[in-house]
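Below are the chains, spelled out letter by letter.
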Amino acid sequence: MKGIMRVLPVLLLFAGCSAETKSGYEITGSIAGPLEEGTQVFLRKSDENMRAIPGDTALISNGTFSFSGEAATPELRYIFIEGVNAGIPVFVENGSISITAHRDSLGTAGVEGTLQNEYYSDFVEGTRQLLERRNAINSEMQVAMQSRDTANMNALRDEFFELQGSALDYEKAFIAEHPDALISAMVLSRMLQSQSLPNAEIASLFKGLDESIRVSPLGENINSQISSQERTSVGAKAPDFSAPTPSGEVLALNDVLGKVTLVDFWAGWCRPCRAENPNIVKVYEKYKDKGLSILGVSLDRNAADWINAIEQDGLTWHHVSNVRYFDEIAELYNVRAIPASFILDENGVIVAKNLRGESLEAKIAELLP
């Protein structure tokens, strides 16, 4: 589910598509709430590392502001207000764009007036209830983990994965129904990063996008990612790697291959990972004597958090980590969101990916009857 929440950040690769020939764009905004006359408003874009790039500046006058200019192609920008720690996403494209917001809740601003902004508003509205329930589950999971309420944790985990499926179905339908929307390409790029769909299905959705989206910078990036995913697709030989164990020794994937091997990318700070760990423990205890091997690859930022999580969750299998967050091993496996996992056969060939809950146990049972 975390997938829906992360649509905008890493997707600021400024997709280009054919813009209508008009006299340029005009953005007019109305901001309610306490703001001094002359407060600065910034229209900025960001680079791939989410660093703000300087852009246009306007001043608040009677609670309003405006920007104007020419947009050769539509691109995603953010409006920031001096002294306010939040931004308003807006697709800048030729035409009239109106923004209404409150100083204390910029995240719920209304943006209207051009095609790409209408598409984005439609997408956000379609995910609103899903997002609200996701946030509630996260809060309830935190309480359950603190009280060690295993039964509630398991129930919340099942609900979380069901909600994940509903969100994914909505996103796939939106992409198919809006092939000329920049947000469709952004959602597809995020799907690639989270590996929430098989590579072949993502490639099919990509082919369904309008040519103007596919040949844009973002489209070219998606196409490149699709190609790179092939090296960790089902049927490919899993790339070998090595990293330090909790005791400091170096351990390689090829050193721990069993009849079936689960390569599990996780971290102590990852709530969905921790929620899934009891299920993995159950599967491991049931099948380790039949040839199941597990190699946990932690994307923690420090060793203490990693080792403590191993002990707290009772993870008695092999573990490695460079303790560098999303490091070169994650990059090698195209892992950009966790939990992520790969099931390998005795030859190290990938036979399944990203299975959890009952699906994971069913696959292991099939491979190790």
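Our structure's up above, just so we're on the same page.
Residues numbered from 1 in each chain as written. Predicted model: local features only at pLDDT ≥ 70, side-chain atom pairs only at ≥ 80, totals over all residues. Heavy atoms only, no water.

A count of helices and strands for the chain gives eleven helices and 15 strands. Its C-alpha radius of gyration of 23 Å places the chain within 12% of the 21 Å reference for a compact globule of 369 residues. C-alpha atoms of the chain, sized along the principal axes, occupy 70 × 45 × 35 Å. Across the 369 residues of the chain, 49% fall into the buried class. For the chain, the exposed surface amounts to about 16,900 Å²; the carbon and sulfur share of it is 47%. Where the 32 positive side-chain charges of the chain centre and where its 50 negative ones centre are 5 Å apart. (Helix = DSSP H or I, 4+ residues; strand = E, 2+ residues; numbered from the N terminus. Rg over C-alpha atoms; globule rule 2.2 N^0.38 Å. Buried < 20%, exposed > 50% of the residue type's maximum accessible area, 1.4 Å probe, protein only. Areas by Shrake-Rupley, 256 points an atom, 1.4 Å probe, with all protein chains shown as cover. Lys, Arg positive; Asp, Glu negative; His and termini not counted. Charge placed at Lys NZ, Arg CZ, Asp CG, Glu CD.)

Applying the stated criterion to the full structure yields 15 salt bridges. Measuring nitrogen to oxygen at the nearest pair gives 2.6 Å for the salt bridge that ties Asp 313 to Arg 274. Within this pair, whereas Asp 313 is found in helix H9 (residues 303-313), its partner Arg 274 is found in helix H8 (residues 271-287), the two being separated by 39 residues in sequence. (Salt bridge = Lys/Arg side-chain N within 4 Å of Asp/Glu carboxyl O.)

What follows deals with the side chain of Ser 298. The residue Ser 298 is located in strand E12 (residues 292-298) in this model. Owing to a relative accessible area of 1%, Ser 298 belongs among the buried residues under this scheme. Only 2.7 Å separates the side chain of Ser 298 from the side chain of Asp 300, close enough to count as a polar contact. Apart from the residues within four sequence positions on either side, Ser 298 is in contact with Trp 266, Ala 267, Trp 306, Val 320 and Ser 321. (Polar contact = N/O pair within 3.5 Å; in protein donor to acceptor, adjacent residues only side chain to side chain. Contact = heavy atoms within 4.5 Å.)

Another point: the nonpolar core. Ranked by internal contacts, the top residues of the largest apolar core, which has 44 residues, are Phe 241, Phe 265, Leu 292, Val 335 and Ile 364. Among the secondary structure elements, those contributing two or more residues to this core are strand E11 (260-266), H8, E12, H9, helix H10 (328-332), strand E14 (340-344), strand E15 (350-353) and helix H11 (357-367). In terms of residue count, H8 provides more of this core than any other element does, six residues in total. Among the nonpolar cores identified, the runner-up in size contains 27 residues, and Ile 183, Met 191, Leu 209 and Leu 218 belong to it. (Core = buried A, V, L, I, M, F, W, Y, C linked by side-chain atoms within 4.5 Å.)

This paragraph deals with the sheet that holds strand E1 (residues 25-32). The sheet built from four strands is open, its strands ordered E4-E1-E7-E8 with mixed pairing. The open sheet has two edge strands, strand E4 (64-69) and strand E8 (110-112), and neither has a second partner. Direction aside, neighbouring strands of the sheet carry axes that sit 10 degrees apart on average. Sheet analysis places E1 next to strand E7 (residues 95-102), joined by eight bridges and oriented parallel. Looking across to E7, one finds that Ile 27 is bridged to Ile 97. (Pairing = 2+ DSSP bridges. Axes fitted to C-alpha atoms, helices over the stretch in contact; angles between N-to-C directions.)

Our focus in this paragraph is the environment of Leu 368. Inspection of the secondary structure puts Leu 368 in the segment after H11. On a C-alpha basis, the gap between Leu 368 and Ser 61 in space is 70 Å, while along the polypeptide they are 307 residues apart.

Here the focus is the pairing of E1. Alternating residues of E1 divide into Tyr 25, Ile 27, Gly 29 and Ile 31, all buried, and Glu 26, Thr 28, Ser 30 and Ala 32, none buried. Direction of pairing for E1 relative to E4: antiparallel, over a ladder of six bridges. In the sheet register, Ile 27 faces E4, and the bridge partner there is Phe 67.

Now for the packing of aromatic side chains. On inspection of all chains with the given rule, the structure shows 14 aromatic pairs. Centroid distance Phe 65 to Phe 67: 5.8 Å. Interplanar angle 65 degrees. Geometry classified as edge-to-face. Here the two residues Phe 65 and Phe 67 agree in accessibility, since each one is buried. Aromatic pair Phe 265 and Tyr 333: ring centres 5.6 Å apart, planes at 50 degrees, arrangement tilted. Within this pair, whereas Phe 265 is found in strand E11, its partner Tyr 333 is found in the loop between H10 and E14, the two being separated by 68 residues in sequence. (Phe/Tyr/Trp six-rings, centres within 6.5 Å; stacked < 30°, edge-to-face > 60°.)

Take the state of the cysteines next. Here the structure, examined in full by the defined rule, presents one disulfide. At a sulfur-sulfur separation of 2.3 Å, the disulfide partner of Cys 270 is Cys 273. Given an S-S torsion of about 75 degrees, the disulfide between Cys 270 and Cys 273 has right-handed geometry. Take Cys 270 and Cys 273: they sit in the same class, and that class is buried. (Disulfide = S-S within 2.5 Å.)

Judged by pairing direction, the sheet is mixed, and its five strands sit side by side in the order E13-E12-E11-E14-E15 without closing on themselves. For this open sheet the edge positions go to strand E13 (318-320) and E15, each flanked by a neighbour on one side alone. With direction set aside, neighbouring strand axes in the sheet form an average angle of 20 degrees. Bridging between E11 and E12 involves seven bridges; their strand directions are parallel. When the sheet's bridge partners are listed, Trp 266 is paired in E12 with Ser 298.

What follows covers the pairing of E7. Side chains on a regular strand alternate between the two faces of the sheet. A one-sided burial pattern is seen for E7, the buried positions being Gly 95, Ile 97, Ile 99 and Ala 101 and the unburied ones Ser 96, Ser 98, Thr 100 and His 102. Sheet topology places E7 next to E8; three bridges connect them, and they run antiparallel. Counted as the bridge partner of Thr 100 is Gly 110 from E8.

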